[in-house]
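Each chain, letter by letter, is given below.
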Amino acid sequence: MNETIDWDKVIKKEARGLDEYDLGEVQEVNEDVVKTKKGVVDKDKFYLPRSKAIKFDGDKLWFEVSKDQAKAYKHSETIDWDKVIKKEARGLDDYDLGEVQELIEQFVITKKGVVDKDKFYLPRNKVIRFDEDKLWFEVTKDEAKAYKHD
């Protein structure tokens, strides 16, 4: 749907979700993600998949994202990496990525399952936020397969 969007023209424009939910101002666009910033003092940052963009009307970039869905794309500025070990890891749509086991270089290693354990090597740059008991990743169920190791 977004093939008609001129991505060079969306920088510094408003981003809106469903029901005109304010997603802030577009800061940056790369091949997969549109980064937005909302607020003056307490700035929220959203890392929205370009695939969720439905149109650009010249003033606003519109996303097929509800207010509740937007929470999954909200990014925490600072993550205390010392606190993520043994915490749940979750992907988009609350997909279970197991429990955080260790951190190495640019990866978060998780294990899922009791008997047949799946091990995931998830890139740290896919982390969206940490809310004290769960570490959230911008990873779908299908994308998670690419990070699975034996």
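That block above? That's the structure.
Residues numbered from 1 in each chain as written. Predicted model: local features only at pLDDT ≥ 70, side-chain atom pairs only at ≥ 80, totals over all residues. Heavy atoms only, no water.

Trainee: Please explain the packing of aromatic side chains as it appears in this structure.
Mentor: The description of two aromatic rings rests on the distance between their centres and on the angle between their planes. For the structure shown, the criterion picks out zero aromatic pairs. It is Lys-55 that lies over the ring of Trp-62; its NZ or CZ is 5.6 Å from the centre. The ring of Trp-81 carries the charged tip of Arg-124 above its face, separated from the ring centre by 4.7 Å. (Phe/Tyr/Trp six-rings, centres within 6.5 Å; stacked < 30°, edge-to-face > 60°. Lys NZ or Arg CZ within 6 Å of the ring centre and 35° of its normal.)

Trainee: Mind showing me how you'd approach the sheet that holds strand S11 (residues 118–123) here?
Mentor: Working definition: the strands of a sheet are paired by backbone hydrogen bonds and lie parallel or antiparallel to each other. Here seven strands make up an open sheet; going across it, the order is S12-S13-S8-S9-S10-S11-S14 and the pairing mixed. This sheet does not close on itself; its edge strands, each paired only once, are strand S12 (127–130) and strand S14 (148–149). When strand S8 (residues 88–90) meets strand S13 (residues 134–137), the two strands line up parallel, connected through three bridges. Counterpart to Glu-88 in the pairing with S13 is Lys-134. (Pairing = 2+ DSSP bridges. Helix = DSSP H or I, 4+ residues; strand = E, 2+ residues; numbered from the N terminus.)

Trainee: How do you make sense of the sheet that holds strand S4 (residues 44–49) when you look at a structure like this?
Mentor: Spatial strand order, S5-S6-S1-S2-S3-S4-S7: seven strands in an open sheet with mixed pairing. The open sheet has two edge strands with one neighbour each: strand S5 (53–56) and strand S7 (74–75). Where strand S1 (residues 14–16) and strand S2 (residues 22–29) come together, two bridges link them in antiparallel fashion. Bridge pairing in S2 places Glu-14 opposite Glu-25.

Trainee: In this structure, what is going on with the pattern of salt bridges? I would like to understand it.
Mentor: Proximity of charged atoms lets side chains of opposite charge pair with each other. Across all of its chains, the model carries eleven salt bridges by this definition. A salt bridge links Glu-25 to Lys-12; its shortest N-O distance comes to 3.6 Å. With Glu-25 in strand S2 and Lys-12 in the segment before S1, this residue pair connects regions lying 13 residues apart in the sequence. Using a relative accessible area of 53% as the deciding quantity, one classes Lys-12 as exposed. The partner of Glu-88 in a salt bridge is Arg-90, and the shortest N-O contact between them spans 2.8 Å. The class of Glu-88 is partly exposed, set by a relative accessible area of 32%. Taking relative accessible area as the criterion, Arg-90 reaches 15% and is therefore assigned buried. (Salt bridge = Lys/Arg side-chain N within 4 Å of Asp/Glu carboxyl O. Buried < 20%, exposed > 50% of the residue type's maximum accessible area, 1.4 Å probe, protein only.)

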